[in-house]
Amino acid sequence: DLSVNICGVVCHSPVAMASGNAGYGLEYQAVSGFHNQDVGAVFLKGTTLEPKLGNKPDRVWETPNGLLNSIGLQNPGVDYVVNQLLPQLDYSATQYFANVSGSSIEEYAEVCRRFDQTALAGLEINISCPNVKKGGAAFGNDPDMAARVVEACRASTTKPLIIKLSPNQTDVAEGARRVIEAGADALSAINTLMGMSINIDTWRPDLGNNQGGLSGPAIKPVALLRVHQVYQVAKHHDIPIIGLGGVSCAEDAIEFFLAGASMVAVGTALAKDPLLIKKMNKGIARYLEKRGLQSVSQLTGKLELNT
Ligand code: DOR
């Protein structure tokens, strides 16, 4: 049994698809070998009140250790998502979470309100996008602003709220504590880490936006430490953590569970291997069996620190 319970939402697998991977869950259907039903949850692309075109190209740049992106929250706006895209999803196969973004507290709250009467399992509140000038990570890196955003979202929906944390906060534990007090039901950690790559012929950054968010194997150690730090706070409030950042195989997922995650999400690695989720589900099941464990929850937070 690979199922996990994320603040009341039962997911059949502890592996989710991270936001930004397959738009609104439809894009990947055409890729052979991948099915939404393989993942325990799909986190849909960040959604704002109005449609957004995003940043100028190039917006994705591959480096040897990970992927830089500066998409800038390109999305068709919440009304199009609610009316045109959400009705096309197969809700029997997996759990769907929206990813709510905005440049003001009011915008976050309004997007939550418009998602409230949908079939979604819950809302991920993205206070950590590194690629927008207003809102995003600027809110997530400021504990007061983060708490105000979460309070406003909490007042706008009865759906479970998962707060997506920034890796760039100075005091991660304090940041987690404040959003939990403000009404978070779960946390996800981490969003991408700010980075840059440079073309030595043109002497210009490779990304049109100059800088972007780094994902992939390079950020896994950062993500693991963040999950461990956040868990030290979250465990006292019974708040589950979805761990993400460079998860590429079943063994990576086990590390995140030990650090404190109840579920993991995959992003960059899935773009390279559509069969990854199936392989990870098998690998995690084999590990549990080998250790005589009945569920992933028996691994969560079981890390033993060296003394
Ligand atoms: O790396 C990211 N890119 N994180 C986000 O939260 C949003 C996304 C984008 O659209 O730029």
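Look a little higher up for the structure.
So, here is what we can say about the structure in this document. (Residues numbered from 1 in each chain as written. Predicted model: local features only at pLDDT ≥ 70, side-chain atom pairs only at ≥ 80, totals over all residues. Heavy atoms only, no water.)

1. Focus on the overall build of the protein
At step 1: Tallying secondary structure elements over the protein gives 9 helices and 16 strands in all.
At step 2: Against the 2.2 N^0.38 benchmark of 19 Å for 307 residues, the protein shows a C-alpha radius of gyration of 18 Å, consistent with a compact globule.
At step 3: Each principal axis of the C-alpha distribution contributes one length, and for the protein these read about 50 × 50 × 45 Å.
At step 4: Of all 307 residues assigned to the protein, the portion counted as buried reaches 58%.
At step 5: The contacts of the protein with a sequence gap of at least 6 include a subset with a gap of at least 24, amounting to 72%.
At step 6: If you sum the accessible surface of the protein, you get close to 13400 Å²; carbon and sulfur atoms cover 51% of it.
At step 7: Charge separation in the protein, taken as the distance between the mean sites of 26 positive and 29 negative side-chain charges, equals 2 Å. (Helix = DSSP H or I, 4+ residues; strand = E, 2+ residues; numbered from the N terminus. Rg over C-alpha atoms; globule rule 2.2 N^0.38 Å. Buried < 20%, exposed > 50% of the residue type's maximum accessible area, 1.4 Å probe, protein only. Contact = heavy atoms within 4.5 Å. Areas by Shrake-Rupley, 256 points an atom, 1.4 Å probe, with all protein chains shown as cover. Lys, Arg positive; Asp, Glu negative; His and termini not counted. Charge placed at Lys NZ, Arg CZ, Asp CG, Glu CD.)

2. Thoughts on the sheet that holds strand β8 (residues 122-126)
At step 1: Spatial ordering of the closed barrel is given by β3-β4-β7-β8-β9-β10-β15-β16, a layout of 8 strands whose pairing is parallel. Neighbouring strand axes in the sheet, compared pairwise and without regard to direction, differ in orientation by 25° on average.
At step 2: Two strands pair when backbone bridges link them, and strand β4 (residues 41-47) and strand β7 (residues 95-100) are joined in this way by 5 bridges, in the parallel orientation. The residue bridging G46 from the neighbouring strand is N99, located in β7. (Pairing = 2+ DSSP bridges. Axes fitted to C-alpha atoms, helices over the stretch in contact; angles between N-to-C directions.)

3. Looking at the site of the ligand
At step 1: Around the ligand, the neighbouring residues are K45, N69, I71, G72, L73, N126, C129, P130, N131, N191 and T192.
At step 2: At 2.8 Å, a side-chain N or O of N191 approaches a nitrogen atom of the ligand.
At step 3: Contact with the protein chains hides 92% of the accessible area of the ligand, taken as 290 Å² for the molecule alone.
At step 4: Its residues assigned to classes, the shell around the ligand comprises 4 nonpolar, 6 polar and 1 charged. (Near = heavy atom within 4 Å. Polar contact = N/O pair within 3.5 Å; in protein donor to acceptor, adjacent residues only side chain to side chain. Nonpolar A, V, L, I, M, F, W, Y, C, P; charged D, E, K, R; others polar.)

4. Section: the environment of G8
At step 1: Along the chain, G8 turns up in the loop between β1 (4-6) and β2 (9-11).
At step 2: Judged by relative accessible area, which is 60%, G8 ranks as exposed.
At step 3: Between the C-alpha atoms of G8 and Q229, which are 221 residues apart in sequence, the distance is 23 Å.

5. Side note on the pairing of strand β9 (residues 161-164)
At step 1: Because side chains alternate across β9, one face comprises the buried residues L161 and I163, and the other comprises I162 and K164, equally buried.
At step 2: Both β8 and β9 contribute to a ladder of 4 bridges, which runs parallel. In the sheet register, I125 faces β9, and the bridge partner there is I163.
At step 3: Of the strand pairs in this sheet, β9 and strand β10 (residues 186-189) are connected by 3 bridges, and their pairing is parallel. Paired with I163 across the strands is L187, a residue of β10.
At step 4: Note that the unit made of β9, helix α5 (residues 172-181) and β10 has a crossover that is right-handed. (Right-handed = clockwise from strand over helix to strand, strands pointing away.)

6. Observations regarding the sheet that holds strand β5 (residues 60-63)
At step 1: Strands sit in the order β5-β6-β14-β11 across an open sheet of 4 strands; the sheet is antiparallel. With one partner strand each, in any of the chains shown, β5 and β11 (193-195) form the two edges of the open sheet. Across the sheet, the mean angle separating the axes of adjacent strands is 35° when strand polarity is ignored.
At step 2: The pairing of β11 with strand β14 (residues 212-215) spans 3 bridges and is classified as antiparallel. Paired with G195 across the two strands is G212, which belongs to β14.

7. A closer look at unusual backbone geometry
At step 1: Going from P57 to D58, the amide bond is cis rather than trans, its omega being -15°.
At step 2: Omega for the bond connecting A189 with I190 falls within 30 degrees of zero, at 15°, which places this linkage in the cis form.
At step 3: In this fold, I190 is placed in the loop between β10 and β11.
At step 4: Positive phi outside glycine occurs at C7, with the angle close to 40°.
At step 5: For C7, the location among the structural elements is in the loop between β1 and β2.
At step 6: C7 sits in the partly exposed class, given a relative accessible area of 24%.
At step 7: Its identity as a non-glycine residue notwithstanding, W203 has a phi of 60°, on the positive side.
At step 8: By the element assignment, W203 lies in the loop between β12 (198-199) and β13 (204-205).

8. Some remarks on the environment of I6
At step 1: Note on placement: I6 falls in strand β1.
At step 2: Exposure remark for I6: the relative accessible area of 0% places this residue in the buried category.
At step 3: A C-alpha to C-alpha distance of 14 Å links I6 and S295, two positions 289 residues apart in sequence.
At step 4: Residues contacting I6, with those up to four places away along its chain left out, are C11, I162, A186, P240, I242, S262 and M263.

9. Examining the side chain of T157
At step 1: Mapping T157 onto the fold places it in the loop between α4 (143-154) and β9.
At step 2: At a separation of 2.6 Å, a polar atom in the side chain of T157 contacts the side chain of D116.
At step 3: Side-chain polar atoms of T157 contact the backbone nitrogen of K159, separated by 2.9 Å.
At step 4: In contact with T157, other than residues within four places in its own chain, are C112, D116 and L123.

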